[in-house]
Number of protein chains: 2
Amino acid sequence: MSYPKVSVALALGIAALLASHAGAAEKKTEKELAPRPSVGDVLKGSKPGDWRPLDPENTLYLELPGGRVVIELAPAFAPNHARNIKALAREHYYDGLAIIRSQDNFVVQWGDPHEDDDKVRKVKDAQKTLAAEFTVPLSNDRQFTRMRDVDGFAPQIGHSNGFPVGRDPKAGQTWLTHCYGMVGVARGNESDSGGGTSLYVVTGQAPRQLDRNITVVGRVVAGMPLLSTLPRGPAPMGFYDKPELQVPIMAVKVAADVPEAERAHLEVMRTEGATYQAVLDAQRNRGGPWNKYSPSYLDLCNAQIPVREQKP
Amino acid sequence: MSYPKVSVALALGIAALLASHAGAAEKKTEKELAPRPSVGDVLKGSKPGDWRPLDPENTLYLELPGGRVVIELAPAFAPNHARNIKALAREHYYDGLAIIRSQDNFVVQWGDPHEDDDKVRKVKDAQKTLAAEFTVPLSNDRQFTRMRDVDGFAPQIGHSNGFPVGRDPKAGQTWLTHCYGMVGVARGNESDSGGGTSLYVVTGQAPRQLDRNITVVGRVVAGMPLLSTLPRGPAPMGFYDKPELQVPIMAVKVAADVPEAERAHLEVMRTEGATYQAVLDAQRNRGGPWNKYSPSYLDLCNAQIPVREQKP
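Residues numbered from 1 in each chain as written. Chains lettered and ligands numbered in written order. Predicted model: local features only at pLDDT ≥ 70, side-chain atom pairs only at ≥ 80, totals over all residues. Heavy atoms only, no water.

If you check an unreviewed UniProt entry, chain A appears there as peptidylprolyl isomerase from Massilia aerilata.

This is the structure we're talking about:
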């Protein structure tokens, strides 16, 4: 099964918006920034040990007609929800459900289009709802690597095992942040009214106001365009209010249950290492010739977390 | 000509990610946030004077096979580029060119697919390149309304006449920020190598590192999904490297040149007024029953700038 190519190219793509500039002699009178390594440069110079393979037991495949979306679960940050979502996948709860919503500059959401009528999909052995895991204790967060950049939503920000996180040391809490590609658990008004039967992914400007308000379970690491290009739903909040608009889900599978040869063979950069700090620095401090101004700052949700195909 | 409906619904859509919660009695033991006005509430209570119509002389229509994208130009922030882009539109420079690039979580870009070969579209009376307008003097910025929220990219942030801005008072400079939907001018390595023949729009997490590095000319106020859902280009940086992938541009027109009955009749909330401050506050301080935590903070590029159809 093919799926969209992941993202060393994505790293390069952040670099420039190019128009043709054939021919004219370049004026040297303007102030130039010294060249600096780009993210692409850092990735090219990375070592095998800078990368870790996905854990098949904590990787989901969302199989759509257009291809496969690969989601890495973060059980340290939502242990009960990660377990329950795998249980739902293994009892084939999601198979035949649908993408029910696509809202511009916000989210794509999937679940049971018949949740409120008599065709509702029944949950067998998994849980329909769970106690909220909006935050977890700091001690859940292994290998936290702090970003010193200021953040208005969290006292501390950084990365933990390939995920973007916020932390409040005084409250003793940590949580996954709602950056592009992050996957969360839809719920009703009650905190404990979600459980994983309906999930969403961020497809626009990071809605960080949802941090600490909703359980976040993981991150899309491949196949994002299959979701981000979906037509926007015509109903309020982007819901697909007619069945013909809904995109069918063929299956959601745990990667460990898929024959090894059919799995996505991806690896994620280790965010606790020095090479990842170089990736962040390449985005924080930008050099010439294209850049004329360097921000000396990096927003948590602009920080790339590189993913690539494993070398055979 | 029809174009996608604009965005009182968008304002409502920020509010919640709902899953069905039929039936169960609600536990009242958890700490609840007091209800607060939502953005939708503020919009419903707004007065006619809180809104201003688009200026047809500073509004562009990007006419695509799928419909119309409406772009509001900001001549205060890029006077020469705004003037030149209108001149390019009026000499029909863009007509028959194409969308040449769509990169996930970054930009969609349009221009001349033949810029580097003998089929290049010639510029007649407009300019092919202009001196950069990466920033303009503070005095260009009328009716700046400051946001007190901290920002890592700019000493000051806020809004000016319906546009998101950054400011550096010490340097005496201001600029438009690269929020979702903002339109900028593609350039080569040289600062003065762009002029408006190729433009792009932000379709993902705000790439604020481009602020002060590239001329920003305006904002998409309607039709954004026509761009944000475009398939991602297969070449590096999302370029459509085969002609059959490129989306043809039927025309780019200045709204003033279109018969009044065929124009988009839109109005934008006045960002200098008290009602707009209430819109910001509704996003900064969130209330129950759905929200359980209020961030007391708002990112510049999460701040909605409401647009609606004019009442007849």
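**Q** Help me out: how do you make sense of empty space enclosed by the protein in this one?
**A** Over the atoms rolls a probe the size of a water molecule, and in doing so it shows where empty space is left. In the structure shown here, the tally under the stated rule is ten cavities of 30 Å³ or more. A:Tyr297, A:Asp299, B:Asp151, B:Tyr297 and B:Asp299 are, among the 23 residues lining the largest cavity, the residues nearest its centre. Residues of the lining of the largest cavity, tallied by class, amount to eleven nonpolar, six polar and six charged. (1 Å grid on protein atoms, 1.4 Å probe; cavity = no way out; pocket = protein on both sides within 12 Å on 5 of 7 lines; lining within 4 Å. Points joined across faces, edges and corners; volume = space filled by probe spheres on them. Nonpolar A, V, L, I, M, F, W, Y, C, P; charged D, E, K, R; others polar.)

**Q** Please clarify how the sheet that holds strand β7 (residues 144-147) of chain A should be interpreted in this entry.
**A** All names here are of chain A. Within the open sheet, the five strands sit side by side as β6-β10-β9-β8-β7. Their pairing is antiparallel. Looking at which strands have only one partner, the edges of the open sheet turn out to be β6 (136-137) and β7. Pairing analysis gives five bridges linking strand β8 (residues 156-160) to strand β9 (residues 163-168), with the strands arranged antiparallel. Residue Ser160 lies in a different strand from β9, and its bridge partner there is Phe163. (Pairing = 2+ DSSP bridges. Helix = DSSP H or I, 4+ residues; strand = E, 2+ residues; numbered from the N terminus.)

**Q** What am I meant to see in the environment of B:His159 here?
**A** Residue and element names in this part refer to chain B. Checked against the element boundaries, His159 lands in strand β8 (residues 156-160). Each C-alpha atom of the pair His159 and Ala251 lies 30 Å from the other, and the pair is 92 residues apart in sequence. Ignoring anything within four residues of it in the chain, the contact list for His159 reads Gln143, Phe144, Thr145, Met147, Pro164, Val165, Thr271, Tyr276, Leu280, Leu300, Ala303 and Ile305. Within polar-contact distance, the side chain of His159 engages the side chain of Tyr276 at 3.2 Å. (Contact = heavy atoms within 4.5 Å. Polar contact = N/O pair within 3.5 Å; in protein donor to acceptor, adjacent residues only side chain to side chain.)

**Q** It is not clear to me how the state of the cysteines should be interpreted in this structure. Could you clarify?
**A** By definition, a disulfide links the sulfur atoms of two cysteine residues through a covalent bond. All names here are of chain B. Per the counting criterion, the structure on display carries two disulfides over all chains. Put simply, Cys179 and Cys301 are joined by a disulfide, and their sulfur atoms are 2.1 Å apart. Between Cys179 and Cys301 the sulfur-sulfur dihedral comes to about -70°; the bridge is accordingly left-handed. Taken together, the positions of Cys179 in the loop between β10 (173-176) and β11 (182-185) and Cys301 in the loop between α5 (274-284) and β17 (307-309) put the pair 122 residues apart, joining distant regions of the chain. On the basis of relative accessibility, which here comes to 7%, the residue Cys301 falls in the buried class. (Disulfide = S-S within 2.5 Å. Buried < 20%, exposed > 50% of the residue type's maximum accessible area, 1.4 Å probe, protein only.)

**Q** Explain the pairing of strand β13 (residues 216-222) of chain A to me, please; I cannot follow it from the model alone.
**A** The side chains of a regular strand alternate between the sheet's two faces. All names here are of chain A. When you tally the buried positions in β13, you get seven out of seven residues, the bulk of the element. With three bridges joining them, strand β11 (residues 182-185) and β13 adopt antiparallel strand pairing. Looking at β13, one finds that Gly184 is bridged to Val216.

**Q** It is not clear to me how the nonpolar core should be interpreted in this structure. Could you clarify?
**A** The nonpolar side chains of a soluble globular protein tend to be buried with one another. Of all hydrophobic cores here, the largest spans 47 residues; its most connected members are A:Val70, A:Phe77, A:Met147, A:Leu176, A:Leu266, A:Tyr276 and A:Val279. Those elements that provide at least two residues to this core are α2 (39-44), β7, β9, β10 (173-176), β13, β16 (266-269) and α5 (274-284) of chain A. Among the elements that make up this core, the one with the highest residue count is α5(A) (four residues). Ranked by size, the runner-up nonpolar core spans 41 residues in total, among them B:Trp51, B:Val70, B:Ala255 and B:Leu280. (Core = buried A, V, L, I, M, F, W, Y, C linked by side-chain atoms within 4.5 Å.)

**Q** Explanation requested: the packing of aromatic side chains in the structure shown.
**A** Geometrically, a pair of aromatic rings is defined through the distance of the ring centres and the angle of the planes. Enumeration over the complete set of coordinates arrives at four aromatic pairs over all chains. Their ring planes at 80° and their centres at 5.4 Å tell us that A:Tyr93 and A:Tyr94 sit as a pair that is edge-to-face. Side by side, A:Tyr93 and A:Tyr94 carry an identical accessibility label, which is buried. Here the aromatic rings of A:Tyr297 and B:Phe153 are separated by 4.7 Å at their centres, their planes lie at 85°, and the arrangement is edge-to-face. Linking A:Tyr297 in the loop between α5 and β17 (307-309) with B:Phe153 in the loop between β7 (144-147) and β8, this pair reaches from one chain into another. Each member of the pair A:Tyr297 and B:Phe153 is classed as buried. Positioned over the ring face of A:Trp51 is A:Arg308, at 4.0 Å from the centre of the ring. Taking the ring centre of B:Tyr61 as reference, the NZ or CZ of B:Arg68 above it sits at 3.8 Å. (Phe/Tyr/Trp six-rings, centres within 6.5 Å; stacked < 30°, edge-to-face > 60°. Lys NZ or Arg CZ within 6 Å of the ring centre and 35° of its normal.)

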